[in-house]
Amino acid sequence: MSEEKANTRSLFPILSNEPGASTKTGIARLADCGTSAGDGHLVEFRTLPVRSLLNNSVSRRGMWFAKSINPYRGCEFGCRYCYARYTHEFMEMKDPADFERKIYIKQNAAWLLRQEIRSLRPGEEIALGTATDPWQPVERRARVTRSILEVLAEYRGLHIGVVTKSTLIERDIDLLQRIAERSDLTLHITITTPNVDLARILEPRAPRPDLRFRTVCRLRQAGLRTGILCSPLMPGITDNAAALDAMCRLASEAGANFLAAQPLFLKPCSKATFLAFVHDHFPGLEASYAQRYETEAFVSRAYQKRISDLVAAMIRKFGLSRRFSGMPNPAPRPRLEPGQRELWPTAPERREPSSAAMPRRAAAS
């Protein structure tokens, strides 16, 4: 076997034809090729030898991004409304709870991104953290997200949006500032409710909302464009004027650039989990939710219009900006001749290596 082929097989053990290899296909087969990466409280971690990092994204909700990056599959935060639970079904895992109990750490992420980023079209947007949180607890030791940011910091002319609930993003302010100097960068901190008690049962392993507001403040102090996603708005729970007034006031006090909010939608993968949450904690709303989401994952247009008007009024009251189609309206971009690229690598700065600044490899890589 040539050295090149041997290296390829070491990166992607899925290519092995050895006896006992998985009979599954696609991502399910790749998942079977992973190895244990340790355990947490009611959580199992495994490596995932993926072949690609940039995903093509299509959404019925009209999401702004063309490419997305999720450093992990599965998320420890366990949010009851999470729409991404279905992604574990591709790995032939049917229990919705597996999404928060079996976390897969993508391997060779930085190497893969360097190969794929050159194929981006000029002006094409990238979203980091669309299905799983890039700074969920395992990132403290795996550092996959930080390795991705290091690659993004090498390029100019990118258009990047980041979504997280985690205060751990503060660890990477240095890299985010370098990215913002060279590309369009917008940070989104999701805060569903400022009510600590509600957040604890709704998002059981995510940081407290007051800590997330503090993170927004620190990111703004670092000169980074940062806004708040108050999504999803849950009918009868967080969709009232008093709740939105409190949210926008706190967002303004934290210095947020903008606030955006969208109503709850329930995919089949998350419907049972969320309705069980309603049954346990808001039994008076159970019949209303069963009727509202009986046949559709999305709320009615009339309800959407009412919520949109209410959010707009609160944003005006507190002087917040609105996010444009999921991302801020970018400055006009120069027309490029065919073949001309914006993705020019930046010459590395001369600096002494620091063990504190060097990304550590995942424990199981």
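Before reading further, recall that the structure is shown in the block above.
Report follows, based on the coordinates.

What counts, and where the lines are drawn
- Residues numbered from 1 in each chain as written.
- Predicted model: local features only at pLDDT ≥ 70, side-chain atom pairs only at ≥ 80, totals over all residues.
- Heavy atoms only, no water.
- Helix = DSSP H or I, 4+ residues; strand = E, 2+ residues; numbered from the N terminus.
- Buried < 20%, exposed > 50% of the residue type's maximum accessible area, 1.4 Å probe, protein only.
- Contact = heavy atoms within 4.5 Å.
- Areas by Shrake-Rupley, 256 points an atom, 1.4 Å probe, with all protein chains shown as cover.
- Pairing = 2+ DSSP bridges.

The secondary structure content of the protein amounts to 13 helices and eleven strands. Taken over 365 residues, the protein has a buried fraction of 49%. A fraction of 77% describes how many contacts in the protein between residues 6 or more apart in sequence connect residues 24 or more apart. A total accessible area of about 18100 Å² is found for the protein, and carbon and sulfur atoms account for 50% of it.

All right, on to the sheet that holds strand β1 (residues 36–40) then. Ordered by their spatial adjacency, four strands build an open sheet running β1-β2-β6-β5, and the pairing between neighbours is mixed. The sheet is open, and its two edges are formed by β1 and β5 (72–73), each paired on a single side. When β5 meets strand β6 (residues 102–106), the two strands line up antiparallel, connected through two bridges. Within the sheet, the bridge partner assigned to Arg-73 lies in β6 and is Tyr-104.

What follows deals with the environment of Leu-198. Position of Leu-198 relative to the elements: it lies in helix α8 (residues 196–202). Its relative accessible area of 10% is what places Leu-198 among the buried residues. It is 9.4 Å that separates the C-alpha atoms of Leu-198 and His-281, two residues lying 83 residues apart in sequence. Discounting residues that sit within four places of it in the chain, Leu-198 has contacts with Thr-193, Ile-237, Thr-238, Phe-277 and Phe-282.

Pairing of β1 with strand β2 (residues 43–48), which is carried by three bridges, proceeds in the antiparallel orientation. Residue Gly-40 lies in a different strand from β2, and its bridge partner there is Val-43. Linkage of β1 to β2, two consecutive antiparallel strands, is achieved through a turn of two residues, within which Leu-42 is found at a positive phi near 60°. Of the pairings in the sheet, the one linking β2 to β6 comprises five bridges and is parallel in character. Counterpart to Phe-45 in the pairing with β6 is Ile-103.

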